[in-house]
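A structural walkthrough
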Amino acid sequence: MGFRSKFENAEKALTFNDVLLLPGWTTLEPSDADVKTRVTTNVELNIPLIASPMDTVTEAEMAIALAREGSLGVLHRNCSAQKEVDMARRVKRAEAVIIRDVVTVGPDMTVAELLSMMEEHGIKGFPVVEDGGELQGIVTWRDVRLADSSLRIRDVMTEEVVTGNEDTEIDEAMKILHEHRIEKLPIVDKDNRVQGLITMKDITLKGTFKEAVRDEQGRLLCAAAISPFDLPRAKALDRYVDVMVLDVSHFHNKNCFDATKKVLKEVSADVIVGNIGTYQAAEDIITQLDGVAGLRVGIGSGSICSTSIVTRAGAPTLFATSQVADAVKDYESNIPIIADGGMRNPGDVAVAMAVGASAAMMGNVFAGCRESPGRLVAMEGRYYKEYYGMGSAKARQKRFAQDRYSQPSKSVNEGVEGWVPFRGPVKEILDEFTGGLKAAMGYVGAATIPEVWEKAKLALITEHGARDAAPHDIFRPGPSRTI
Ligand code: XMP
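Computed from a predicted model, the values in this text were never measured in an experiment. (Residues numbered from 1 in each chain as written. Predicted model: local features only at pLDDT ≥ 70, side-chain atom pairs only at ≥ 80, totals over all residues. Heavy atoms only, no water.)

1. What to know about the domain arrangement of the protein
According to the domain assignment, the protein consists of domain 1 (4-95 + 209-468) and domain 2 (111-206). Each side of the interface is counted separately: domain 1 has eight residues, and domain 2 has seven residues. When the buried area of domain 1 at its contact with domain 2 is split by residue, R90, R93 and E95 rank highest and sum to 51% of it. Here domain 1 is connected to domain 2 by zero salt bridges. Here the residues of the side of domain 1 that touches domain 2 are counted per class, giving two nonpolar, one polar and five charged. (Domains from an automatic or database assignment. Contact = heavy atoms within 4.5 Å. Buried area = accessible area lost by both parts, 1.4 Å probe. Salt bridge = Lys/Arg side-chain N within 4 Å of Asp/Glu carboxyl O. Nonpolar A, V, L, I, M, F, W, Y, C, P; charged D, E, K, R; others polar.)

Right, here's the structure in full:
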């Protein structure tokens, strides 16, 4: 094959701004569209939006808020394994009706130590147990907030503890909590050893989030990023997470494939792999890696990516999604595709679905929300939150996720640092995006996401057309938001 034919055979790597959805015949009101989806072969979501594993996007607070609304945030891995496990644990504890993984304290701990534990775990009451696990008392914020910080827990705890056992039903637990005007009910076995904890807060929250996505024990679903090369971290997280995302920038790589085979054997969580961008990559995964439960797709389209500028390599998310979707279809696989990077508007999500995505992963959009970990700053009268790429110098300084990117030289950064407008609570963003997605489905005439795959037709537009398709010839002040 001659070199000139490389131009002739070049793929058209189209991206969001290159296309529009063609309106189709519809019998559907947008409000009737159903946006439920699968993010892995086994895990369903009520909202097809996922927050990226980035340290300015998803920590426990974002993950909890999203799971409560029916979507998912992937905990980032740019921290120690212990910190990531703690985040996952926090998500799992957020709404368990019976907390199984109870944090207890010993009677000899000081009040000062307890206060810092309260801060660290975000918990305001602990069962007090002896070495053998036998319940001695209970200590809460009210017992210690004004106590001398050098006192021991045994001096301030409440010794007479009302307890339940494994047969205690939720209704009965509520009655006991109310009758005794208490907040926490330890569940003990016949030897008075703590087996679980029921809290008033969890019971009252139970009915609040009707769309929440939960595991079979009623706990919120949790997803976390891992490196294919860090099996101990994967194993430590496996106890707490339902979904693991093998998080590298170019997964179609022999070392990644070899390491992933081991991960797939050792963990029980559903494993999503990525990122990939071509038919060939998807085909190799489907034919060589048994047990992969999801594909994360798109290379170099993220708003903070500089990969395609620095290296001239990339597979724009829309193009990549269509490539991978064809491989999935050709092999009659049912692995869901997560389109990742570059989506700014609900219509971008709809277009990604038109070419086969089951869900959309976003960093930029979620980074601006109140629940993201990034710093909030005011600049020239407007609020912004910090957002940077995981391949940027700032993220790489932390050194934990360095293996996401190939590092031929210390000076190659594949991401940039900046600020995004503050957007308020994530629930508002989810409402805006699901509303927009349903409206797009209304235009397409699709009642469900699989119907979008079938029915959506695309039109290509030129650069001029893209300008016309956006608001134009009108002065509008920029986005601004107060807290
Ligand atoms: P958005 O457009 O939502 O994209 O901000 C988020 C996605 O971008 C990817 N990501 C990066 N890609 N260099 C890259 O080339 C980076 O530094 C970087 N950080 C994140 C990632 O897939 C994320 O979900």
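The structure having been displayed, the exposition proceeds.
2. Section: the pairing of strand β9 (residues 184-188)
Within β9, five of the five residues are buried, which leaves it mostly tucked inside the rest of the structure. Residues K184, P186 and V188 of β9 are buried on one face, and the alternating residues L185 and I187, pointing to the opposite face, are buried as well. Of the pairings in the sheet, the one linking β9 to strand β10 (residues 194-199) comprises five bridges and is antiparallel in character. What sits directly across from L185, in β10, is I198. Hairpin connection of β9 to β10: five residues between the antiparallel strands, including N192 at a positive phi of 65°. (Buried < 20%, exposed > 50% of the residue type's maximum accessible area, 1.4 Å probe, protein only. Helix = DSSP H or I, 4+ residues; strand = E, 2+ residues; numbered from the N terminus. Pairing = 2+ DSSP bridges.)

3. Regarding the packing of helix α9 (residues 231-238) against helix α10 (residues 254-266)
Following both chains from N to C, one finds α9 and α10 inclined at 25°, their axes separated by 10 Å at the closest point. Classified by the interaxial angle, the pair formed by α9 and α10 is roughly parallel. Our pair here, α9 against α10, has a crossing hand that is right-handed. Every residue of α10 that contacts α9 at L231, K235 and D238 is listed here: K262, V263 and E266. (Axes fitted to C-alpha atoms, helices over the stretch in contact; angles between N-to-C directions. Parallel < 35°, antiparallel > 145°, perpendicular 65-115°, else oblique. Left-handed = near helix turned anticlockwise from the far one by under 90°.)

4. What to know about helix α13 (residues 317-330)
In this model α13 runs 20 Å from its N-terminal to its C-terminal C-alpha over 14 residues, within 8% of the 20 Å that 1.5 Å per residue would give. Within α13, 10 of the 14 residues are buried, which leaves it mostly tucked inside the rest of the structure. By the burial criterion, the buried members of α13 are T317, L318, F319, A320, T321, Q323, V324, A325, A327 and V328. Looking at the packing, one finds that the buried side of α13 touches β1 (19-21), β13 (270-276), α11 (279-288), β14 (292-297), β15 (337-340) and α14 (346-354). After α13 finishes, the residue E332 shows a positive phi value of roughly 50°. (Expected span 1.5 Å × (residues − 1).)

5. Some words on the sheet that holds strand β19 (residues 417-421)
Overall, antiparallel pairing links the three strands, which are arranged β17-β18-β19 in an open sheet. What marks the edges here is a single partner per strand, and that holds for β17 (376-379) and β19. The mean inter-strand angle of the sheet, taken between neighbouring strand axes irrespective of direction, is 45°. With five bridges connecting them, strand β18 (residues 382-388) and β19 associate as antiparallel partners. The residue of β19 that forms the bridge with Y387 is G418.

6. Some details on the environment of K184
Looking at the element boundaries, K184 is found in strand β9. With a relative accessible area of 18%, K184 lands in the buried category. When the C-alpha positions of K184 and A173 are compared, they lie 9.5 Å apart, and in sequence the two are 11 residues distant. Residues within four places of K184 in sequence aside, it is in contact with K124, G125, I138, L177, L197, I198 and T199.

7. Let's talk about helix α4 (residues 111-121)
Quick reminder: α-helices carry 3.6 residues per turn. Residues three or four places apart thus point the same way. Within α4 the residues assigned to the buried category are V111, L114, M117 and M118. For α4, the angular spread of the buried residues around the axis is 115°, confining them to a single face. The exposed set on the far side of α4, more than 90 degrees from its buried face, consists of E119 and E120. As for α4, its buried residues are in contact with β7 (125-129), β8 (135-140), α5 (141-144) and α6 (153-156). Residue G122 follows α4 closely and has a positive phi angle near 65°. (Arc of directions from axis to C-beta.)

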